Amino acid sequence: MRRWLPHPILTPTLALIWVLLANSLAPGSILLGLLLGWLIPIFTLRFWPDPAPVRRPLTLLRFLLVVGYDILVANLAVAWLILRGANHIRPAFVEVPLDLRSELGISLLANTISLTPGTVSSWLSPDRRILVVQGLDVADPEALIETIKRRYETPIREVFESC
Amino acid sequence: MLNIAVLIAFALVTAAIGLTFWRLLTGPDRPDRILALDTLYVNAIALLVLLGMHLDSALYFEAAILIAMMGFIGTVALCKYLLRGDIIE
Amino acid sequence: MLEITLTVLILIGAIFTFIGSLGLARMPDFYTRLHGPTKATTIGVGSLLIASMIHFSTQEAGLSFHEVLVTLFLFITAPVSAHLLSKAALHLRTRSLSEPPPLVDATDHAGRNSPDSLS
C-alpha cells in the first residue's frame, strides 16, 4: 500500500488540478489526471516530507473560515490606510516567539500572517524559535503578538502538533 | 452596463500598471524594483482576465496561468540572487 | 441580476488592484510598500477571476473552472514572494522607517550554515 500509493491525499489533488487545467470533465481527462496523480508521487517520492496527520478536521475548518474572514478585513484595512496616506501609519517590526516546532506548522503560520491584516512575516531565526513580523500600522506590539499566537498559532498547533 | 464596467476596470488596471512602472523606474533600492516587477505581473494577469471577458475568449487564460507561474519563479530567483549576491565574494 | 453581480465583482477587483499599486507608489519605505501589492492584489485579481468564472460558466460552452487554479496559485505564492522580498531587504539593510530587531543583523551573517539560509 505505502509503496504503490505513497501519498493518498496528493493523488486526488493532482487529478483535480489536472481536470481544472484541462477545464473539462470528460472521462478521458479524469482518467489521465488519476494516472498522473498516481505516477507523479511515485517518481518524486524522495522530495516529499512525511505527510502530517490532521488531528482535528473541525478545528482546521474553523481556522480556514477565520483566515478567510481576516483576509477580507485585511484588504479593507490596508486599502483604507493607503488611501489615508503615509502620515497615519505606524510601521514596526515585532518578534513573535514560536511554540510551533514542525516545518509544516511554521510555514503555515508564516503564510497565514502574510495573508492577513497589515502584517508580513519577514524573517525566521536560524534556530526557528523567533519569527520577525513587519506590521504596517502597529498600535500595540504586545497585543499584535498576542493576537497572532491566539488566533493562528493555537489552532495550527492543535491540528498538526497535538500529542 | 457590463461593458461600461469592463471599460472602467481597464482604465483602473492600466493606471495601476502605470504606477508600478513609475516605482520600477524610480526605485530607489533593488528590493523596491523587484517588488514593482512582482506587482506588474499580477496587474498583467488582471488585464488579461479583463481582456478575456471583453473579447469573450477563454484563450487568454493560458497566458494568465503562464504569467502567474513565470512571474513567481522570476521573483524567487531575483530574491535569491539578492540574498546570495554578496556570499560569492 | 447576473449582470449586476458581474459588474460589482469587476469594479471591486479593479479598484483593489488600483489601490494595491497606489500603495506601492505612495508609501514611504520598502517595508510599508510591501503591504499594498501583496494584499490588495490578491483580492483584486481574486474577484476578477471569480467574475470571469461566472461569466464563462453562464455561456453556452459550459462550466469553466480553471480560473480557480490561477486564484489558488496566487494565494499560495503571494506570501512566499512577500517573505523572500522582505528577507532580502533585511539582508541588504534597506533603509526603513521602523527599526529592524538587532537579532536579525546579529544572526543574519553568522547563521549562514543553518538549514534556513538560502545559501
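Taking an unreviewed UniProt entry as the reference, chain C is identified by name as Na+/H+ antiporter subunit G belonging to Allochromatium humboldtianum.

If you check an unreviewed UniProt entry, chain B appears there as K+/H+ antiporter subunit F from Allochromatium humboldtianum. Its UniProt record gives chain B a comment under Sequence similarities (unreviewed entry), which states: "Belongs to the CPA3 antiporters (TC 2.A.63) subunit F family."

Of the residues in chain B, 94% reach a pLDDT of 70 or more, and the chain-wide mean stands at 85. The spread of mean pLDDT over the elements of chain B runs between helix α3 (residues 60-84) of chain B, the lowest at 86, and helix α1 (residues 2-26) of chain B, the highest at 90.

All names here are of chain C. Of the residues in chain C, 82% reach a pLDDT of 70 or more, and the chain-wide mean stands at 78. Looking across chain C, the model is least confident in helix α5 (residues 102-108), with a mean pLDDT of 64, and most confident in helix α1 (residues 2-26), with 89. For residues 110-119, every residue scores under 50 in pLDDT, and the model assigns this stretch 16 contacts once sequence neighbours within four places are set aside.

Moving on, we come to the UniProt feature "transmembrane region" (unreviewed entry) in chain B. Residue and element names in this part refer to chain B. UniProt records the feature "transmembrane region" (unreviewed entry) at residues 6-25, 34-53 and 59-83, using the numbering of this structure. Here residues 6-25 runs as 100% helix and 0% strand, with 28 Å between its end C-alpha atoms. With 100% helix and 0% strand, the stretch residues 34-53 has end C-alpha atoms that lie 29 Å from each other.

Attention shifts here to the packing of helix α2 (residues 30-54) of chain B against α1(C). Packing of α2(B) against α1(C) brings their axes to within 11 Å, and their N-to-C directions diverge by 160 degrees. Comparing the axis directions of α2(B) and α1(C) gives the class roughly antiparallel. Regarding α2(B) and α1(C), the two cross each other, and that crossing is left-handed. Of the residues in α1(C), those touching α2(B) at B:Leu35, B:Ala36, B:Thr39, B:Asn43, B:Ala46, B:Leu50 and B:Met53 are C:Ile10, C:Thr17, C:Ser21 and C:Leu24.

All names here are of chain A. If you walk through the whole model with that rule in mind, you get seven salt bridges over all chains. The partner of Asp137 in a salt bridge is Arg90, with the nearest N and O atoms 3.1 Å apart. Remark: Arg90 occurs in the loop between α3 (57-84) and β1 (92-97) and Asp137 occurs in the loop between β3 (130-135) and α5 (141-160); sequence separation between them is 47 residues. Classification of Arg90 as partly exposed rests on a relative accessible area of 44%. Counted as one network, the salt bridges with shared partners bring together Asp99, Lys149, Glu153 and Arg157.

On to empty space enclosed by the protein, then. Applying the stated rule across the entire model yields two cavities of 30 Å³ or more. What lines the second largest cavity is B:Asp38, B:Thr39, B:Tyr41, B:Val42, C:Pro37, C:Thr38, C:Thr41, C:Thr42, C:Leu74, C:Thr77, C:Ala78 and C:Ser81. Counting only elements with at least two residues in the lining of the second largest cavity, the list comes to α2 of chain B together with α3 (35-57) and α4 (67-91) of chain C. Class assignment for the residues of the lining of the second largest cavity results in five nonpolar, six polar and one charged.

With that out of the way, let us pick up the interface of chain B and chain C. Taken together, the contact pairs 51 residues of chain B with 49 residues of chain C. When the two sides are added together, the surface that chain B and chain C hide from each other amounts to roughly 4500 Å², 79% of it contributed by carbon and sulfur. Inspection of the region where chain B meets chain C yields one salt bridge. Notably, a salt bridge pairs C:Arg33 with B:Asp32, separated by 2.4 Å at the nearest N-O pair. The interface formed by chain B and chain C holds seven residue pairs in polar contact (both at pLDDT 80 or more) in total. Mapped onto the side of chain B that touches chain C, the elements with two or more residues apiece are α1, α2 and α3 of chain B. Counting residues per element, the side of chain B that touches chain C draws most heavily on α2(B), at 17 residues. Classifying every residue of the side of chain B that touches chain C gives 35 nonpolar, seven polar and nine charged.

Scoring rules and cut-offs
Residues numbered from 1 in each chain as written. Chains lettered and ligands numbered in written order. Predicted model: local features only at pLDDT ≥ 70, side-chain atom pairs only at ≥ 80, totals over all residues. Heavy atoms only, no water. UniProt positions renumbered as here; feature names shortened; annotations may be inferred. pLDDT = per-residue confidence, 0-100. Helix = DSSP H or I, 4+ residues; strand = E, 2+ residues; numbered from the N terminus. Contact = heavy atoms within 4.5 Å. Axes fitted to C-alpha atoms, helices over the stretch in contact; angles between N-to-C directions. Parallel < 35°, antiparallel > 145°, perpendicular 65-115°, else oblique. Left-handed = near helix turned anticlockwise from the far one by under 90°. Salt bridge = Lys/Arg side-chain N within 4 Å of Asp/Glu carboxyl O. Buried < 20%, exposed > 50% of the residue type's maximum accessible area, 1.4 Å probe, protein only. 1 Å grid on protein atoms, 1.4 Å probe; cavity = no way out; pocket = protein on both sides within 12 Å on 5 of 7 lines; lining within 4 Å. Points joined across faces, edges and corners; volume = space filled by probe spheres on them. Nonpolar A, V, L, I, M, F, W, Y, C, P; charged D, E, K, R; others polar. Buried area = accessible area lost by both parts, 1.4 Å probe. Polar contact = N/O pair within 3.5 Å; in protein donor to acceptor, adjacent residues only side chain to side chain.

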